[in-house]
Amino acid sequence: MIGDYFSAINTGNILSRDIVDGSGSIPFVTASGVNNGVVAYIDASNYSIIKGNCILIGGKTFTLTYQRNDFVSNDSHNIVLYSKSASDEQVLLYIITVLNCSLKCKYNWGDAVTKDKLLTQTISLPADSKGQPDWDYMRNYILSIQKIVSYSPILR
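Residue positions are given per chain, counted from 1 along the sequence in the order it is written. Reporting of local features is limited, given that this is a predicted model, to residues whose pLDDT is at least 70; pairs of side-chain atoms are given and counted only at 80 or more, and all residues count toward the totals for whole chains, interfaces and linings. Hydrogens are left out, water is left out, and the side-chain values use all remaining heavy atoms of the structure.

**Brief notes about the sheet that holds strand β6 (residues 72–73)**
Moving on, step 1. Pairing between two strands requires that DSSP report at least two bridges joining them. A run of DSSP states H or I qualifies as a helix once it reaches four residues; a run of E qualifies as a strand once it reaches two. Both are numbered from the N-terminal end. Taken in spatial order, the three strands of this open sheet run β3-β2-β6, and their pairing is mixed. The sheet is open, and its two edges are formed by β3 (38–42) and β6, each paired on a single side.
Moving on, step 2. Relative to β3, strand β2 (residues 26–29) runs antiparallel, the two sharing four bridges. Looking at β3, one finds that F28 is bridged to A40.

**Points about the environment of G3**
Moving on, step 1. Residue placement: G3 occurs in helix α1 (residues 2–5).
Moving on, step 2. For the pair G3 and K84, spaced 81 residues apart in sequence, the C-alpha to C-alpha distance is 9.2 Å.
Moving on, step 3. Those residues in contact with G3, other than ones at most four positions away along the chain, are K84 and L119. Contact between two residues is taken to exist if any of their heavy atoms lie within 4.5 Å; hydrogens are not considered.

**Quick notes on unusual backbone geometry**
Moving on, step 1. For N35, which is not glycine, the phi torsion reads 55° and is therefore positive.
Moving on, step 2. Along the chain, the position of N35 falls in the loop between β2 and β3.
Moving on, step 3. The exposure class assigned to N35 is exposed, which follows from its relative accessible area of 56%. The classification of residues rests on relative accessible area computed with a 1.4 Å probe and restricted to protein chains. Under 20% of the type maximum is buried, over 50% is exposed, and intermediate values are partly exposed.

Rendered as structure tokens:
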């Protein structure tokens, strides 16, 4: 189950009318697939800042993004997923792909995913010889893709 390897929290609920873009340096992130969900940079001194290096899941839209930096979010239906074991960017990018392929068709606006539902889901991951998730394989797989993309003259 996802809950065996990840912990999850719900984000806060900041109203869009209270957002002043450019008022600070903390990303204001929504459940959007555009610009990695970042819609503004704000002064977040009055809000609970969410630690980065995590996966943000839009509970209603099942939009998944990797958030490298600390941020604030707009909707208490959004879920933040933290790895209990491997917490580097490449592993989390791999997990985003697995979650998207495994669960996207299951959750939508009419049947939003919740933190509790998410943590009880089962996904398939590459395993090591002990039957544990092979974090090194996932990391190296994404690193190899990043290397190909960075060297490809067509994709630059």
